[in-house]
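# Architecture at a glance
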Amino acid sequence: MSELPLPAWPASPAALSALDDAALVRLAVRDERAFEALVTRHAPAVHRLAASMVGPGAADDVVQDVFIAVHRGLRGFRGEAQFSTWLHRIALNACTRALRTRPSLPLDEAPEPFSPHDPCRTGEQAQLRARLAAALQSLPPEQREALTLREIAGLDYAEIASVTGAELGTVKSRINRGRAALRAWLTRAGITP
């Protein structure tokens, strides 16, 4: 990691949030407030990724597991990759563990979370989300992982290659095949993609 000037101590939350990830990581090794700033910055993206892979009900537990693992592993983070790349790898591993250990529950039996929105529209959106979740689950794990990192986490192809350890061409192929399989599944389900 490159050495950047660190704020005067004690740093305010605003000063911490202004730092880039590399500086926050260096501080977070010894300061909980810097770690909290990292969590605040990255938790929403980790939650979106987890919710898309394990469902909204299990996403909170996965996010907690991810940041516990990050906290434990922070001293060993060498900075050879971006912090966000390392974080996404931890998140994917946590999602995989959660999928392996949870009991199988059909999507139509899963309780729908409360929503303050229009009940009719909410019901339609819930059905669409359930179908999309089923379509994603039908993909091979490598395609699902690559597609989720691209479409949900917003990573570019090179970042996905770094997170997954796959070659760039393989990542592009997995995403392309995953999109085609999703399109076919949704079309068969009567949904126009």
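Structure first, text after, so check above.
Attention in this report is confined to the structure presented alongside it. (Residues numbered from 1 in each chain as written. Predicted model: local features only at pLDDT ≥ 70, side-chain atom pairs only at ≥ 80, totals over all residues. Heavy atoms only, no water.)

## Observations regarding the overall build of the protein chain
Each helix and strand counted, the protein chain has nine helices and zero strands in total. When the helices and strands of the protein chain are listed from N to C terminus, the series reads α-α-α-α-α-α-α-α-α. Within the protein chain, the fraction of its 193 residues that count as buried is 36%. (Helix = DSSP H or I, 4+ residues; strand = E, 2+ residues; numbered from the N terminus. Buried < 20%, exposed > 50% of the residue type's maximum accessible area, 1.4 Å probe, protein only.)

## Description of helix α5 (residues 83-101)
For α5, built from 19 residues, the straight-helix expectation of 27 Å at 1.5 Å per residue is met to within 8% by its first-to-last C-alpha distance of 27 Å. Where α5 is buried, its residues touch α2 (21-28), α3 (32-54), α4 (56-73), α7 (141-151) and α8 (157-164). (Expected span 1.5 Å × (residues − 1). Contact = heavy atoms within 4.5 Å.)

## A short note on the packing of α3 against α5
It is at 10 Å that the axes of α3 and α5 come closest, and there the two elements cross at 40°. Of the two possible hands of crossing, α3 and α5 adopt the one that is right-handed. For the pair formed by α3 and α5, the contact residues are L38, H42, V46, L49, A50, M53 and V54 on the first element and F83, S84, L87, H88, A91, L92, C95, A98 and L99 on the second. The residue inventory of the contact of α3 with α5, partitioned by class, reads 13 nonpolar, three polar and no charged. (Axes fitted to C-alpha atoms, helices over the stretch in contact; angles between N-to-C directions. Left-handed = near helix turned anticlockwise from the far one by under 90°. Nonpolar A, V, L, I, M, F, W, Y, C, P; charged D, E, K, R; others polar.)

## Focus: the side chain of Q143
Within the secondary structure layout, Q143 lies in helix α7. On the accessibility criterion, Q143 (14% relative accessible area) is buried. Q143 has contacts with R174, R177, G178 and A181, leaving out every residue within four places of it along the chain.

## A short note on the packing of aromatic side chains
This structure, assessed with the given rule, holds three aromatic pairs. Measuring from ring centre to ring centre gives 6.1 Å for F77 and F83, while their planes differ by 90°; the resulting arrangement is edge-to-face. A single burial state applies to F77 and to F83, both of which are buried. Aromatic pair F77 and W86: ring centres 4.8 Å apart, planes at 35°, arrangement tilted. Exposure remark for F77: the relative accessible area of 10% places this residue in the buried category. In textbook terms, an aromatic cluster arises when at least three aromatic residues are bridged by ring pairs, as seen for F77, F83 and W86. Just above the ring of Y157 sits the side chain of R150; from NZ or CZ to the centre is 4.5 Å. K172 extends its terminal NZ or CZ atom over the ring of Y157, reaching a point 5.9 Å from the ring centre. (Phe/Tyr/Trp six-rings, centres within 6.5 Å; stacked < 30°, edge-to-face > 60°. Lys NZ or Arg CZ within 6 Å of the ring centre and 35° of its normal.)

## Focus on the pattern of salt bridges
Applying the stated rule across the entire model yields five salt bridges. In this structure, R78 engages E80 in a salt bridge whose closest nitrogen and oxygen atoms are separated by 3.0 Å. Of the charged contacts, one joins E145 and R89 as a salt bridge, the two residues approaching to 3.8 Å between their closest N and O atoms. With E145 in helix α7 and R89 in helix α5, the pair connects residues that are 56 residues apart, well separated along the chain. (Salt bridge = Lys/Arg side-chain N within 4 Å of Asp/Glu carboxyl O.)

## Regarding the nonpolar core
The nonpolar side chains of a soluble globular protein tend to be buried with one another. Among the nonpolar cores identified, the biggest contains 50 residues, and V62, V66, F67, V70, F83 and L149 are the most heavily contacted of them. Every element with two or more residues in this core is listed here: α2, α3, α4, α5, α6 (119-138), α7, α8 and α9 (168-188). Considering each element in turn, this core owes the most residues, 10 residues, to α3. (Core = buried A, V, L, I, M, F, W, Y, C linked by side-chain atoms within 4.5 Å.)

## Some words on the packing of α4 against α5
Taken N-terminus to C-terminus, the directions of α4 and α5 make an angle of 130°; their axes are 9 Å apart at the nearest point. Our classification of the angle between α4 and α5 gives oblique. Handedness of the α4/α5 crossing: right-handed. Contacts from V62, V66, F67, A69, V70 and G73 of α4 reach α5 at F83, W86, L87, I90, A91, A94, C95 and A98. (Parallel < 35°, antiparallel > 145°, perpendicular 65-115°, else oblique.)

## Structural notes on α2
The buried fraction of α2 amounts to seven of the eight residues, a majority that puts the element mostly inside the structure. Inspection of α2 places D21, A23, L24, V25, R26, L27 and A28 among the buried residues, and these make up the whole buried set.

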